[in-house]
Amino acid sequence: MGNNMSRLEQIAAELPEAVRVDIAQWDGHPTFRVRGKNFVFSDVDATRLTVKLTVDEAEAVVATEPGAEPAGYGLGRHGWIAVDVADADGPRWEQLREWIRTSYTLVAPKRLAKQVLDEEPLPTQGDQS
């Protein structure tokens, strides 16, 4: 499953000042942080990720996505979700990339979050979503 960790690291590398921090007390489980604030928790193989979404989006994801659930330790009520990504394919990783970027923008300082948000493509005129 090293491929999952490589994908996760590539996504994090796109984000300003994002760093990986492995937590010894959690058996080396990696977190990804911006200025000391976690925006992704992961298991060692990146088969299960925890990210922060808006509360409404988190509720929708938990209701519709297989393998998604509110994060433990009371974080779920604040929009954190845990999602199983063991068998994630390319299209699934595109969705995960969006959630990771959202998580980053919710915890990053406003200036850094704005840099990421400004990169997002604007909907085309025909896109009504």
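A brief structural summary. Small disclaimer: the values here were computed from a predicted structure and weren't measured.

Time to look at the environment of Ala71. Mapped onto the elements, Ala71 comes out in the loop between strand 5 (68–70) and strand 6 (80–84). When the C-alpha positions of Ala71 and Lys52 are compared, they lie 9.2 Å apart, and in sequence the two are 19 residues distant. Residue contacts for Ala71: discarding those within four places in its chain leaves Thr50, Gly76, Trp80, Ile81 and Ala82.

Following the criterion strictly, the structure yields 2 aromatic pairs and no others. Aromatic side chains Phe39 and Tyr104 sit 5.2 Å apart centroid to centroid with 90° between the ring planes, which places their arrangement in the edge-to-face category. Pair noted here: Phe39 is in strand 3 (residues 37–42) and Tyr104 is in helix 3 (residues 90–107), with a separation of 65 residues, a long-range link.

What follows covers the nonpolar core. If you look at the biggest cluster of nonpolar residues, it comprises 30 residues, and the most contacted ones within it are Leu8, Phe39, Val40, Leu49, Trp93, Ile100 and Tyr104. Counting residues per element, the ones that place at least two in this core are helix 1 (2–13), strand 2 (29–34), strand 3, strand 4 (48–52), helix 2 (55–64), strand 6, helix 3 and helix 4 (110–119).

With 4 of 5 residues buried, strand 6 lies mostly within the body of the structure. Where strand 4 lies against strand 6, 5 bridges are found, and the strand directions are antiparallel. Bridged to Val51 within strand 6 is Ile81.

A word on helix 3. Here helix 3 contains 18 residues, and its C-alpha end-to-end distance of 26 Å stays within 8% of the 26 Å for a straight helix at 1.5 Å per residue. What helix 3 keeps buried is the set Arg92, Trp93, Leu96, Trp99, Ile100, Arg101, Thr102, Ser103, Tyr104, Thr105 and Val107.

Following both chains from N to C, one finds helix 3 and helix 4 inclined at 145°, their axes separated by 8 Å at the closest point. The two elements helix 3 and helix 4 meet at a crossing, and its hand is left-handed. Packed against helix 3, whose contacting residues are Arg101, Tyr104 and Thr105, the element helix 4 presents Leu112, Ala113, Val116, Leu117 and Glu119 at the interface. A breakdown of the residues in the contact of helix 3 with helix 4 according to their chemical character gives 5 nonpolar, 1 polar and 2 charged.

Basis of the calculations
Residues numbered from 1 in each chain as written. Predicted model: local features only at pLDDT ≥ 70, side-chain atom pairs only at ≥ 80, totals over all residues. Heavy atoms only, no water. Helix = DSSP H or I, 4+ residues; strand = E, 2+ residues; numbered from the N terminus. Contact = heavy atoms within 4.5 Å. Phe/Tyr/Trp six-rings, centres within 6.5 Å; stacked < 30°, edge-to-face > 60°. Core = buried A, V, L, I, M, F, W, Y, C linked by side-chain atoms within 4.5 Å. Buried < 20%, exposed > 50% of the residue type's maximum accessible area, 1.4 Å probe, protein only. Pairing = 2+ DSSP bridges. Expected span 1.5 Å × (residues − 1). Axes fitted to C-alpha atoms, helices over the stretch in contact; angles between N-to-C directions. Left-handed = near helix turned anticlockwise from the far one by under 90°. Nonpolar A, V, L, I, M, F, W, Y, C, P; charged D, E, K, R; others polar.

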